[in-house]
Amino acid sequence: MIMASISDSETTNRGSMWELDQNLDQPMDEEASQLKNMYREKKFSSMLLLRLAFQSLGVVFGDLGTSPLYVFYNIFPHGVDDDEDVIGALSLIIYTLTLIPLMKYVFVVLRANDNGQGGTFALYSLLCRHAKVSTIPNQHKTDEELTTYSRQTYEENSLAAKVKRWLEGHAYKKNCLLILVLIGTCTAIGDGILTPAISVLSASGGIRVQNQNMSTDVVVIVAVVILIGLFCMQHYGTDKVGWLFAPLVLLWFILIGSIGLVNIHKYNSSVLKAYNPVYIFRYFRRGKSEIWTSLGGVMLSITGTEALYADLCHFPVLAIQIAFTLVVFPCLLLAYTGQAAYIIDHKDHVADAFYRSIPGAIYWPAFIIATLAAVVASQATISATYSIIKQALALGCFPRVNVVHTSKKFLGQIYIPDINWVLMILCIAVTAGFKNQSQIGNAYGTAVVIVMLVTTFLMVPVMLLVWKSHWILVVIFLVLSLTVELPYFTACINKVDQGGWVPLVIAITFFIIMYVWHFCTVKRYEFEMHSKVSMAWILGLGPSLGLVRVPGIGFVYTELASGVPHIFSHFITNLPAIHSVVVFVCVKYLPVYTVPVEERFIMKRIGPKNYHMFRCVARYGYKDIHKKDEDFEKMLLDRLLIFVRLESMMDGYSDSEDFTMMEQKAERSTRALLTEKAGSNTMSSIGDMSYSSQDSIVPAKSPLTGNSLTRYSSQTFGDEQEFLNRCKDAGVVHILGNTVVQARRDSGIVKKVAVNYVYAFLRKLCRENSVIFNVPHESLLNVGQIYYI
């Protein structure tokens, strides 16, 4: 199988070998289409769709549904003077809900999903597949043949092709795109901190309605206790209590819709004229100084919309569309309209209009349901934060942290202990520090509108490259979105000194962490690329590699999918011996949500057979997780034996680094071997091997090894299998490179602080690869290097 990676520096040396490699390494259209048939989007029956729509209420819409608890208080923090103000604000809420959550997200943005995955990084992964905009240049042709690696082809003079060339033209454009993605990601993390704070504090405020003499500190203490309990329960996962979420949130929506309907009938049905958009213009025409700043409060009516997109992975798009249009949207409209009717008759009750508008007979049941709904809303954003950080981690933008599965049924349900406690501390600090909904609302609105703006800007290249939309449709989408979002953005920025600085500080802190980590990760990869050793040098050492080959198997971990890593030459020039079998292991994360298990591993031989050198590339998506019960070492050994056995079944092969055996029967042979292995109860650990295949056999002589092909072709599979088993029994050693990155002495103060202190501190905190892959400590060997940037 051909795995030769063509980098920018390598393309200058193209010759006959490169041309032959390109002729042999053709896309496997027929095999890929057969695999894709296995992963097509499932067709759902009508009853199943309705059930999924019901379940989505508890996961997706909790945050959006609890907004009526605090919206009107944040619009009118100093009270209401005129009925027209209430009607104008209600009209703004109605049409904001219509244009942003309904029109923009539910019917447009949700379609821009990465095989069901939503969020900022899902959009970025789509763009990375359709254009070479990734800042880590580790893309390889074989990655594009994955089932989940869907991409488009473009006509040379089409608009999409021109946009693609423009994005790929300069490195600064790729960096600007990455910065935009990181800004959206960091502010989304801020949502995970502010949502629990404002939702729980607003729900807890219902205690004071029945006892006006109660101190605000009591409400804050109750909110903090609920928050501590919420974060302490995270390690159980939402699967344990998730069965309660959907019925609870449905009951909440029915409750707020019914209360709103009663209030419209009971207090002031004239508020229904707010459905006429003319009252929006009349609202702004009044010219009061508070009108513009009140937009920050109106913005809170659509909080949770971005979480709706980020939590998309659990449900099909159609189920979410059904739930929103049939339940969420009408109930929210009734709730806000009913509150407005109550406020017009009770202008002095705007601070706690929701609780005061509840009929006395059902007050305490409504309070309990509101508190539980706030907890559910907080849970949704906390889970979304975990998913966002996991995606950033996989794409090289966040330090390696411990990721724990909380459900065997739902792979998307994860728990990150370190991040959980950081969120809890920050959330409690925000709640106890501000003590009121108004300032937290200012901060919350700022975070929400920034994330929405980032999504809008990322949708433009997605619509052009992925959807191939006409430029007029793209312009219409952009203009309509910015017409609504930019005024809200300016209104929220004006409140930076009133609490809006909180999400900015949180976002800047996480942005520095992510950008510094990604910058040093890219530099480490570039160092690996520039310092890799040529195969000619390895072949020149001979089968013994110029050293003593001791019994055993050595797994050399590297970030390179081709070439011999520098740590290997560093190792063999400083130690007098190397193992009889050497396997270069590259763990690679791709811009896809998952790599199907049977396509995850690629194995090939490097050099002649008697060198006993191999390469294994393990490919993962940003949703794939290394499980603790997974024995990575055993998986590698099993794949090595399967590869050698399949190689012996081929009629012709090449033994140089640039070529591997290719045969159309490889797929069938692999499945037969996996089935045979399954009989011995090891199917789960070896079921993800994949091979390239071709329609014809192309024997080739290695230009470096002469007639070594003839010399070693007589070695049978049984002999090499026995040899590998003896080496396995002798011992396995995992050789990891420990590249220390430091700034040069002549570097500026910013680079020195970022690299020598920030990155060094993060490296000490993050998990090592040996922990992630469950490498036994007694089998671990670290090879240290220092790289100056």
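Residues numbered from 1 in each chain as written. Predicted model: local features only at pLDDT ≥ 70, side-chain atom pairs only at ≥ 80, totals over all residues. Heavy atoms only, no water.

Undergrad: Sorry, what's going on with the overall build of the protein here?
TA: Tallying secondary structure elements over the protein gives 32 helices and nine strands in all. Looking at the 789 residues of the protein, the share that counts as buried comes to 59%. Across the protein, the fraction of contacts at a sequence separation of at least 24, relative to all contacts at a separation of at least 6, is 84%. (Helix = DSSP H or I, 4+ residues; strand = E, 2+ residues; numbered from the N terminus. Buried < 20%, exposed > 50% of the residue type's maximum accessible area, 1.4 Å probe, protein only. Contact = heavy atoms within 4.5 Å.)

Undergrad: Just to check I follow, could you spell out helix α19 (residues 363–394) for this structure?
TA: When the terminal C-alpha atoms of α19 are compared, their 47 Å separation across 32 residues agrees well with the 46 Å that a helix rising 1.5 Å per residue should span. Across the 32 residues of α19, 26 count as buried, placing the element largely inside the fold. A positive phi of about 75° marks glycine 396, the residue just after α19. (Expected span 1.5 Å × (residues − 1).)

Undergrad: Quick question: what am I supposed to make of the side chain of glutamine 391 here?
TA: Tracing the chain through its elements places glutamine 391 in helix α19. Here glutamine 391 falls in the buried class, since its relative accessible area comes to 4%. Excluding residues within four positions of it along the chain, glutamine 391 makes contact with Gly118, Phe121, Ala122, Tyr622 and Lys623.

Undergrad: What is the right way to look at the packing of helix α6 (residues 83–106) against helix α13 (residues 278–285) in this model?
TA: The description of two helices packed together rests on the angle between their axes and the distance between the axes. The contact between α6 and α13 brings their axes to 8 Å, and the two run at 125°. Taken as axis vectors, α6 and α13 run oblique relative to one another. Crossing of α6 over α13 shows left-handed handedness. In this structure, α6 contributes Glu84, Asp85, Ile87, Gly88, Ala89, Ser91, Leu92 and Tyr95 to the contact, and α13 contributes Tyr279, Ile280, Arg282, Tyr283 and Phe284. Of the residues contributing to the contact of α6 with α13, the split by class is eight nonpolar, two polar and three charged. (Axes fitted to C-alpha atoms, helices over the stretch in contact; angles between N-to-C directions. Parallel < 35°, antiparallel > 145°, perpendicular 65-115°, else oblique. Left-handed = near helix turned anticlockwise from the far one by under 90°. Nonpolar A, V, L, I, M, F, W, Y, C, P; charged D, E, K, R; others polar.)

Undergrad: Whenever I open this one, helix α17 (residues 317–345) confuses me. Can you help?
TA: Side chains of residues three or four places apart in an α-helix project in the same direction, reflecting 3.6 residues per turn. If you check α17, its first and last C-alpha atoms are 41 Å apart, about what 29 residues at 1.5 Å a residue would give, namely 42 Å. Where α17 bends most, at phenylalanine 324, the angle is about 45°. (Bend = angle between axes of the 7 residues up to and from the residue.)

Undergrad: In this structure, what is going on with the environment of histidine 734? I would like to understand it.
TA: Mapped onto the elements, histidine 734 comes out in strand β8 (residues 732–742). Taking the relative accessible area as the measure of exposure, histidine 734 reaches 1% and is therefore buried. Measuring from C-alpha to C-alpha, the distance between histidine 734 and valine 775 comes to 7.4 Å, with 41 residues separating the pair along the chain. Not counting the four nearest positions on each side in its chain, histidine 734 is found in contact with Phe555, Tyr557, Glu633, Val775, Ser779, Leu780 and Leu781. Looking at histidine 734, its side chain comes within polar contact range of the side chain of tyrosine 557, at 2.9 Å. A polar side-chain atom of histidine 734 sits 2.8 Å from a polar atom in the side chain of glutamate 633. (Polar contact = N/O pair within 3.5 Å; in protein donor to acceptor, adjacent residues only side chain to side chain.)

Undergrad: It is not clear to me how the packing of aromatic side chains should be interpreted in this structure. Could you clarify?
TA: The way to describe two aromatic rings as a pair is by their centre distance and the angle between their planes. The final tally for this structure, using the stated rule, is 20 aromatic pairs. Note on phenylalanine 568 and phenylalanine 584: the rings are 5.2 Å apart at their centroids and 80° apart in plane angle, and the pair reads as edge-to-face. Remark: phenylalanine 584 occurs in strand β4 (residues 577–589) and phenylalanine 568 occurs in helix α25 (residues 566–572); sequence separation between them is 16 residues. Residues phenylalanine 568 and phenylalanine 584 agree in their burial class; the two are buried. Taken together through their ring pairs, the aromatic side chains of Trp252, Phe354, Tyr355, Tyr363, Trp364 and Phe367 make up a single cluster. (Phe/Tyr/Trp six-rings, centres within 6.5 Å; stacked < 30°, edge-to-face > 60°.)

Undergrad: Can you help me understand the environment of valine 460 in this one?
TA: With respect to the helices and strands, valine 460 occurs in helix α21 (residues 437–465). With relative accessibility at 18%, the residue valine 460 sits in the buried group. Along the backbone, valine 460 and leucine 473 are 13 residues apart, and their C-alpha atoms lie at a distance of 10.0 Å.

Undergrad: How should I be thinking about empty space enclosed by the protein in this particular structure?
TA: It is a probe the size of a water molecule, rolled over the atoms, that shows where empty space is left. According to the stated counting rule, one finds eight cavities of 30 Å³ or more in the structure shown. Looking at the second largest cavity, its volume works out to about 160 Å³. Those elements giving two or more residues to the lining of the second largest cavity turn out to be α9 (171–204), α16 (305–310), α19 and α21. A breakdown of the residues in the lining of the second largest cavity according to their chemical character gives eight nonpolar, eight polar and three charged. (1 Å grid on protein atoms, 1.4 Å probe; cavity = no way out; pocket = protein on both sides within 12 Å on 5 of 7 lines; lining within 4 Å. Points joined across faces, edges and corners; volume = space filled by probe spheres on them.)

Undergrad: So what exactly am I meant to see when it comes to unusual backbone geometry here?
TA: Across the chain, the bulk of peptide bonds are trans and the bulk of non-glycine residues have phi less than zero. With a phi close to 55°, lysine 468 is a non-glycine residue in the positive phi region. As for its position among the elements, lysine 468 is in the loop between α21 and α22 (471–493). Residue class for lysine 468 comes out partly exposed when judged on its relative accessible area of 42%. Here the phi dihedral of histidine 612 falls at roughly 55°; this positive angle occurs in a residue that is not glycine. Secondary-structure assignment places histidine 612 in the loop between β5 (601–606) and β6 (613–620).

Undergrad: Sorry, what's going on with the nonpolar core here?
TA: The tendency in soluble globular proteins is for nonpolar side chains to be buried as a group. Within the largest apolar cluster, 169 residues are counted, with the highest numbers of intra-cluster contacts made by Phe61 and Tyr355. In contact with tyrosine 355, not counting residues within four places along its chain, are Leu69, Ser202, Ala203, Gly205, Gly206, Val209, Tyr363, Phe367 and Ala370. (Core = buried A, V, L, I, M, F, W, Y, C linked by side-chain atoms within 4.5 Å.)

Undergrad: Would you take a moment to explain a nonpolar patch on the surface for this structure?
TA: The grouping of Leu159, Trp471, Ile472, Leu473, Val475, Ile476, Val479 and Leu480 at the surface amounts to a nonpolar patch, some 750 Å² of accessible area in total. Broken down by element, the residue count for the nonpolar patch peaks at seven residues, all from α22. When its relative accessible area of 39% is taken as the criterion, leucine 159 is described as partly exposed. (Patch = residues over 30% accessible without salt bridge, like charges linked within 9 Å, V, L, I, M, F, W, Y side chains within 5 Å. Areas by Shrake-Rupley, 256 points an atom, 1.4 Å probe, with all protein chains shown as cover. Salt bridge = Lys/Arg side-chain N within 4 Å of Asp/Glu carboxyl O.)

Undergrad: How should I be thinking about the pairing of β6 in this particular structure?
TA: One face of the sheet, then the other: side chains in a regular strand alternate in exactly this way. Along β6, eight of the eight residues are buried, which leaves the element largely enclosed by surrounding structure. Where burial is concerned, the two faces of β6 agree: the one with Met613, Arg615, Val617 and Arg619 and the one with Phe614, Cys616, Ala618 and Tyr620 are both buried. Between β5 and β6, which follow one another and run antiparallel, lie six residues, and glycine 607 among them has a positive phi close to 75°. (Pairing = 2+ DSSP bridges.)

Undergrad: Would you mind going over the state of the cysteines with me for this structure?
TA: Here is the idea: a disulfide is a covalent bond, and it sits between the sulfur atoms of two cysteines. Following the criterion strictly, the structure yields zero disulfides and no others. Distance from the sulfur of cysteine 586, which forms no disulfide, to the nearest cysteine sulfur (cysteine 616) is 9.1 Å. Judged by its relative accessible area of 1%, cysteine 586 is buried. (Disulfide = S-S within 2.5 Å.)

Undergrad: What's the story with the environment of histidine 265 in this structure? I'm lost.
TA: Structurally, histidine 265 can be placed in helix α12 (residues 238–266). Look at histidine 265 and you get exposed, because its relative accessible area is 74%. Residues histidine 265 and alanine 341, 76 residues apart in the sequence, show an inter-C-alpha distance of 8.8 Å.

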